[in-house]
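In case you want the letters, here they are:
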Amino acid sequence: MTIDVYYSKYANSYSVVEPQSKNITLLEFDAKRITAIIGEDWNDCMKQYHEYMGWEPYKPEEDECTNSIQ
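Attention in this report is confined to the structure presented alongside it. Within every chain, residues take consecutive numbers counted from 1 along the sequence as written. Only residues with pLDDT of 70 or above have their local features reported here, since the model is predicted, and side-chain atom pairs are shown and tallied only from 80 upward, although totals for entire chains, interfaces and linings are computed over all residues. Note: side-chain values were computed over all heavy atoms of the structure, leaving out hydrogens and water.

**Considerations on the overall build of the protein**
(1) Moving on: Only DSSP runs of H or I reaching four residues or more are called helices, and only runs of E reaching two or more are called strands; each is numbered from the N terminus. Broken down by element type, the protein carries one helix and three strands.
(2) Moving on: Starting at the N terminus, the α and β elements of the protein follow one another as β-β-β-α.
(3) Moving on: Taking all 70 residues of the protein together, the buried fraction comes to 27%.
(4) Moving on: Two residues qualify as a contact provided that any one of their heavy atoms is within 4.5 Å of a heavy atom in the partner residue. Long-range contacts, defined as pairs at least 24 residues apart, comprise 41% of the intrachain contacts of the protein with a sequence gap of at least 6.
(5) Moving on: Reported accessibility uses the Shrake-Rupley method at a 1.4 Å probe radius. Residues are deemed covered only where the shown protein chains occlude them. A total of about 5,600 Å² of accessible surface is found on the protein, and carbon and sulfur atoms cover 49% of it. Buried residues are those whose accessible area, probed at 1.4 Å on protein chains only, stays under 20% of the maximum for their type, while exposed residues exceed 50% and partly exposed ones sit between those limits.

Given below as structure tokens:
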């Protein structure tokens, strides 16, 4: 899986988007692609993204199925 990281100076914000996603049209008008991250899956990409940004380690959300009553 690959995600692209964009930065908008106008909004002073970062966005992550899968390259083929239709959500790319929702980026700010001045967003520039600053890097691509390649990982095994979404969680791996987010782990690398957090490291790239210098943030605390990524904590994936729990799978909803693990919280259901059986």
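**Quick notes on the environment of Glu61**
(1) Moving on: Looking at the secondary structure, you find Glu61 in the segment after helix H1 (42–53).
(2) Moving on: A relative accessible area of 77% places Glu61 in the exposed class.
(3) Moving on: Between the alpha carbons of Glu61 and Asn43 there is a distance of 9.2 Å; along the sequence they are 18 residues apart.

**Section: a nonpolar patch on the surface**
(1) Moving on: Taken together, the side chains of Tyr14, Ile34 and Tyr52 make up a nonpolar region of the molecular surface, amounting to roughly 300 Å² of accessible area.
(2) Moving on: Mapping Tyr52 onto the fold places it in helix H1.
(3) Moving on: For Tyr52, a relative accessible area of 45% corresponds to the partly exposed category. Within this analysis, patches are made of residues with over 30% relative accessible area and no salt bridge. Like charges are joined at 9 Å or less; nonpolar side chains (Val, Leu, Ile, Met, Phe, Trp, Tyr) at 5 Å or less. One speaks of a salt bridge when a side-chain nitrogen belonging to Lys or Arg is within 4 Å of a carboxyl oxygen belonging to Asp or Glu.

**Some points on the pattern of salt bridges**
(1) Moving on: Overall, the coordinates contain two salt bridges when judged by the stated rule.
(2) Moving on: Ionic pairing is found between Asp4 and Arg33, a salt bridge with its closest N-O pair at 3.1 Å. Of this pair, Asp4 sits in strand E1 (residues 2–8) while Arg33 sits in strand E3 (residues 32–38), and the two are 29 residues apart along the sequence.
(3) Moving on: Asp4 gets classed as buried once you look at its relative accessible area, which sits at 8%.

**What about the sheet that holds E3?**
(1) Moving on: At least two bridges found by DSSP between two strands are what make those strands a pair. The antiparallel open sheet is built from three strands, whose spatial order is E2-E1-E3. Here the strands that pair on one side only, and so sit at the sheet edges, are strand E2 (13–17) and E3. Ignoring strand direction, the axes of neighbouring strands in this sheet form an average angle of 25°.
(2) Moving on: Here five bridges tie E1 to E2, and the two strands are oriented antiparallel to one another. Counted as the bridge partner of Tyr6 is Ser15 from E2. Axis definition: a line fit to C-alpha positions, over the contact stretch in the case of helices; interaxial angles, taken between N-to-C directions, run 0 to 180 degrees.

**What about the nonpolar core?**
(1) Moving on: Buried Ala, Val, Leu, Ile, Met, Phe, Trp, Tyr and Cys residues form a nonpolar core when they are joined through side-chain atoms within 4.5 Å. Residues Ile3, Val5, Ile37, Cys45, Met46, Tyr49 and Met53 constitute the largest nonpolar core, which totals seven residues.
(2) Moving on: Those elements that provide at least two residues to this core are E1 and H1.
(3) Moving on: At four residues, the largest contribution of residues to this core is made by H1.
(4) Moving on: Residues contacting Cys45, with those up to four places away along its chain left out, are Met1, Ile3, Ile37, Ile38 and Gly39.

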